[in-house]
Amino acid sequence: ETGVTQSPTHLIKTRGQQVTLRCSSQSGHNTVSWYQQALGQGPQFIFQYYREEENGRGNFPPRFSGLQFPNYSSELNVNALELDDSALYLCASSLDPGSGANVLTFGAGSRLTVL
Amino acid sequence: AQSVTQPDIHITVSEGASLELRCNYSYGATPYLFWYVQSPGQGLQLLLKYFSGDTLVQGIKGFEAEFKRSQSSFNLRKPSVHWSDAAEYFCAVGEGFQKLVFGTGTRLLVSP
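Quantities reported herein were computed from a predicted structural model and do not represent experimental measurements.

Visitor: Can you help me understand the overall build of chain B in this one?
Guide: Assigned secondary structure in chain B consists of zero helices and twelve strands. Taking 112 residues into account, the globule formula puts the C-alpha radius of gyration at 13 Å, and chain B, at 13 Å, falls close to it. Expressed as lengths along the three principal axes of its C-alpha atoms, the size of chain B is roughly 40 × 30 × 20 Å. At a minimum sequence separation of 6, the contacts of chain B that also span at least 24 residues come to 54%. Surface summary for chain B: the accessible area is close to 5300 Å², and the carbon and sulfur share equals 49%. In chain B, 9 side chains carry a positive charge and 9 a negative one; their mean positions are 4 Å apart.

If you want it as structure tokens, here you go:
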């Protein structure tokens, strides 16, 4: 069984640019969540996608958006990048969000640096 | 709102010594509680979870944690630490298993 894979692993952008991060879910998982982990902090929930629809959102502005595709892979898009967006972005997949027995499987993350 | 406090930013433990990492949470209902470990360049790996039943839960790699409702705590323990346990440890709370609020983490250093 393959785990969660994320790309790219590292990238550098400048303020005002846009970025797209990609995530392939673990085989059999249909739910994807994205977390932002700033340096020295714990991960913060951005949003979750289930059956290609947003299924919950944390305290992040609308310039953070996402997509989930029919094969359950996902993208995180961030527009108008700010310096504070520099962080490790973690993708996690899981089974149906309503099933209490399922836990998140995390990828290794994409480290974004905004200059 | 839910919150998690991990009061220790860094902890250094000698190899073979016991370990306890502290976690306090704030949540109105019965919480789902988790401990994750993150090694450099790696994603988060689940060590153990609690959502009901026995308040002492066993996890992987010889870790255990005890849920104490009266103290709003979920401390992680290991009787004998190995050098490979050096990593960052995160406590998390959630309404379910998937929308989690994490603490700021505790970095564990293991001395020879």
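Now that the structure has been shown, the text picks up again.
Visitor: Can you help me understand the packing of aromatic side chains in this one?
Guide: Aromatic rings in a pair are described by how distant their centres are and how their planes are angled relative to each other. Summed over the entire model, instances satisfying the criterion amount to 15 aromatic pairs over all chains. Seen from their ring centres, Tyr36(B) and Phe102(B) are 5.7 Å apart, and the 55° between their planes marks the pair as tilted. Separated by 66 residues along the polypeptide, Tyr36(B) in strand E5 (residues 32-38) and Phe102(B) in strand E11 (residues 100-102) bring together distant segments of the chain. The two residues Tyr36(B) and Phe102(B) agree in class, both being buried. Put simply, the rings of Tyr35(A), Phe45(A), Phe106(A), Phe34(B), Tyr36(B), Phe90(B) and Phe102(B) touch in pairs and so form one group of aromatic residues.

Visitor: Is there a simple way to think about the interface of chain A and chain B in this case?
Guide: Interface size is often expressed as the accessible area that is lost when the parts come together. Counting from both sides, the interface comprises 27 residues of chain A and, opposite them, 17 residues of chain B. Taking both partners together, chain A and chain B bury about 1500 Å²; carbon and sulfur atoms supply 55% of that area. Interface area lost by chain A to chain B is led by Pro43(A), Val103(A) and Phe106(A), which between them contribute 30%. Taken together, the connections running from chain A to chain B amount to zero salt bridges. At the boundary of chain A with chain B, the tally comes to three residue pairs in polar contact (both at pLDDT 80 or more). Top contributing element to the side of chain A that touches chain B by residue count: strand E4 (residues 31-37) of chain A, with four residues.

Visitor: What is the right way to look at the nonpolar core in this model?
Guide: Most often, soluble globular proteins have nonpolar side chains that are buried together. In terms of nonpolar packing, the biggest core is built from 26 residues, with Trp35(B), Leu48(B), Phe74(B), Leu76(B) and Tyr89(B) touching the most fellow members. If you list the elements that add at least two residues to this core, you get strand E2 (10-14), strand E3 (19-21), E5, strand E6 (44-50), strand E8 (64-68), strand E9 (73-78), strand E10 (87-94) and strand E12 (106-111) of chain B. Counting residues per element, this core draws most heavily on E10(B), which supplies four residues. In this structure, Tyr89(B) is in contact with Gln6(B), Leu21(B), Trp35(B), Tyr36(B), Val37(B), Leu47(B), Phe63(B), Leu76(B), Gly105(B), Thr106(B) and Leu108(B), ignoring residues within four places of it in sequence. In terms of nonpolar packing, the next biggest core, distinct from the first, is built from 20 residues, Leu76(A), Ala87(A), Tyr89(A) and Leu112(A) among them.

Visitor: I tried to follow the pattern of salt bridges on my own but got confused; where do I start?
Guide: When charged atoms on two side chains of opposite charge get close, those side chains can pair. Residues and elements named next belong to chain A. On inspection of all chains with the given rule, the structure shows nine salt bridges over all chains. Among the ionic pairs, Arg22 bridges to Glu75, the shortest N-O distance being 3.6 Å. Here Arg22, found in strand E3 (residues 19-24), pairs with Glu75, found in strand E8 (residues 74-78); they are 53 residues apart in sequence, far enough to count as distant. A salt bridge links Arg63 to Glu82; the nearest nitrogen and oxygen atoms lie 3.3 Å apart. One end of the pair, Arg63, is in the loop between strand E6 (53-57) and strand E7 (64-68); the other, Glu82, is in the loop between E8 and strand E9 (87-94), with 19 residues separating them in the sequence. Residue Arg63 is classed as buried on the basis of its relative accessible area, which comes to 18%. One salt-bridge network, held together by shared partners, links Arg63, Glu82 and Asp85.

Visitor: What is the right way to look at the side chain of Asp85(A) in this model?
Guide: The topology assignment puts Asp85(A) in the loop between E8 and E9. Separated by 2.8 Å, the side chains of Asp85(A) and Arg63(A) make a polar contact.

Visitor: Explain the sheet that holds E3(A) to me, please; I cannot follow it from the model alone.
Guide: Paired through their backbone hydrogen bonds, the strands of a sheet run either parallel or antiparallel. Residues and elements named next belong to chain A. With antiparallel pairing, the four strands of this open sheet are ordered in space as E1-E3-E8-E7. Strands with a single pairing partner mark the edges of an open sheet, and in this sheet they are strand E1 (5-7) and E7. On average, each strand axis in the sheet is inclined to that of its neighbour by 20°, with strand direction left out of account. Where E7 and E8 come together, five bridges link them in antiparallel fashion. Its bridge partner being in E8, Ser65 is matched across the sheet by Asn77.

What counts, and at which threshold
- Residues numbered from 1 in each chain as written.
- Chains lettered and ligands numbered in written order.
- Predicted model: local features only at pLDDT ≥ 70, side-chain atom pairs only at ≥ 80, totals over all residues.
- Heavy atoms only, no water.
- Helix = DSSP H or I, 4+ residues; strand = E, 2+ residues; numbered from the N terminus.
- Rg over C-alpha atoms; globule rule 2.2 N^0.38 Å.
- Contact = heavy atoms within 4.5 Å.
- Areas by Shrake-Rupley, 256 points an atom, 1.4 Å probe, with all protein chains shown as cover.
- Lys, Arg positive; Asp, Glu negative; His and termini not counted.
- Charge placed at Lys NZ, Arg CZ, Asp CG, Glu CD.
- Phe/Tyr/Trp six-rings, centres within 6.5 Å; stacked < 30°, edge-to-face > 60°.
- Buried < 20%, exposed > 50% of the residue type's maximum accessible area, 1.4 Å probe, protein only.
- Buried area = accessible area lost by both parts, 1.4 Å probe.
- Salt bridge = Lys/Arg side-chain N within 4 Å of Asp/Glu carboxyl O.
- Polar contact = N/O pair within 3.5 Å; in protein donor to acceptor, adjacent residues only side chain to side chain.
- Core = buried A, V, L, I, M, F, W, Y, C linked by side-chain atoms within 4.5 Å.
- Pairing = 2+ DSSP bridges.
- Axes fitted to C-alpha atoms, helices over the stretch in contact; angles between N-to-C directions.

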